[in-house]
Amino acid sequence: MDDKFLYIANWKMSLTLNESLNYLSSFYDPFVALAAHETTKLIIAPSTEGLFPIAQVIKDSGIELAGQCCASHERGSLTGQTSALSLRELGCTYCIAGHSERRRLAGETDTAVAKQVSCLLSNDIIPIACVGEDDAAYQNKTTLNSLENQLSPIVEVVQQSSNKRTPLCIAYEPHWAIGADKAANNDHIDSVLAWISTYLEKSSLGRPYRLIYGGSVTSQNGARLKEIKHISGFLIGRASLDFQELEKIVHYN
Ligand code: PGA
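The following refers to the structure shown.

In this model, the largest pocket occupies a volume close to 310 Å³. Taken together, 14 residues form the lining of the largest pocket, with Lys 12, Met 13, Gln 68, Glu 101 and Arg 102 sitting closest to its centre. Among the elements that make up the lining of the largest pocket, the one with the highest residue count is helix α5 (residues 100-105) (3 residues). Its residues assigned to classes, the lining of the largest pocket shows 5 nonpolar, 5 polar and 4 charged. Empty space within the second largest pocket amounts to approximately 210 Å³. Lining the second largest pocket are 19 residues, and of these Lys 12, Gly 179, Ile 236, Gly 237 and Arg 238 sit closest to its centre.

The next subject is the site of the ligand. Taken together, Asn 10, Lys 12, His 99, Glu 173, Ala 177, Ile 178, Gly 179, Gly 215, Ser 216, Leu 235, Gly 237 and Arg 238 are the residues near the ligand. Separating an oxygen atom of the ligand from a side-chain N or O atom of Lys 12 is a distance of 2.6 Å. Interatomic distance of 2.9 Å between a backbone N/O atom of Gly 237 and an oxygen atom of the ligand. Here the ligand has 280 Å² of accessible area as a free molecule, and 99% of this is covered by the chains. Of the pockets mapped on this structure, the ligand occupies the second largest pocket. Each residue belonging to the shell around the ligand can be placed in one class, and the counts come to 3 nonpolar, 6 polar and 3 charged.

Under the defined criterion, the tally for this structure stands at 12 aromatic pairs. Consider the rings of Tyr 23 and Phe 27, whose centres lie 5.8 Å apart with planes at 75 degrees: the pair is edge-to-face. Each ring, one from Tyr 138 and one from Trp 176, has its centre 4.1 Å from the other, and the planes form 25 degrees; the classification is stacked. Here Trp 176 lies in the loop between β6 (168-172) and α9 (186-202) and Tyr 138 lies in helix α7 (residues 135-139), a separation of 38 residues in the sequence. An aromatic cluster is defined as three or more aromatic residues linked by ring pairs; in this entry it consists of Trp 11, Tyr 23, Phe 27, Phe 31 and Phe 243. Lying across the ring of Phe 5, Lys 226 places its NZ or CZ 5.6 Å from the centre.

Quick notes on the rules
Residues numbered from 1 in each chain as written. Predicted model: local features only at pLDDT ≥ 70, side-chain atom pairs only at ≥ 80, totals over all residues. Heavy atoms only, no water. 1 Å grid on protein atoms, 1.4 Å probe; cavity = no way out; pocket = protein on both sides within 12 Å on 5 of 7 lines; lining within 4 Å. Points joined across faces, edges and corners; volume = space filled by probe spheres on them. Helix = DSSP H or I, 4+ residues; strand = E, 2+ residues; numbered from the N terminus. Nonpolar A, V, L, I, M, F, W, Y, C, P; charged D, E, K, R; others polar. Near = heavy atom within 4 Å. Polar contact = N/O pair within 3.5 Å; in protein donor to acceptor, adjacent residues only side chain to side chain. Areas by Shrake-Rupley, 256 points an atom, 1.4 Å probe, with all protein chains shown as cover. Sits in = over half its atoms within 2 Å of the grid points. Phe/Tyr/Trp six-rings, centres within 6.5 Å; stacked < 30°, edge-to-face > 60°. Lys NZ or Arg CZ within 6 Å of the ring centre and 35° of its normal.

Listed below in structure tokens is the structure:
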């Protein structure tokens, strides 16, 4: 994995299909310019229905495509689900797994998220596996217990995967900082990423990994968040829907 800083624009379900295409076409050249920056990798995660048309638009542009989620099984009677295999056919090189909104709204368990990671690795898609504590755990100072519960099944499937080529991204997203007024502070993120890094180092993953932060990243806090030692990317929700804002975050490099 190269050492470019990852900017993952998670458009969630904030835009309709037509709005996604309009947004991308209105800023196509500047989007491509951002992706072409030598220290930057730009990844767009549109909602599932946008993957196919957006893949056509960004073909050969340097912008990469990510799914927002995938099924925990390779294929089968799973109404409404999208397989990792289809995501690969659609051109996704990355896919988010276990975003807190999926855990909360779709009931995705730690085990289901780990299975998604396994399916993604089997299909050579880089998982962006999200972990993070909820507000209660943060207040009770049990953040690391929550993270260990989420990380350990992920690490287990990564160790067991026969595909040793595909890297892993772990996105630390404290639930209380997502869609909030402000991001977590640097000391907190720094200590959590250091802990995750030690945990992964001890786990002999046999592949490169990256640590990413997500939760209210904006142009106001991007520069200070980039100072965090183990950070090598951002998962950006709301700010990625405003091109000028996204551009400012990237240009703090
Ligand atoms: P936010 O979302 O940047 O709007 O807080 C981040 C995320 O959910 O990944």
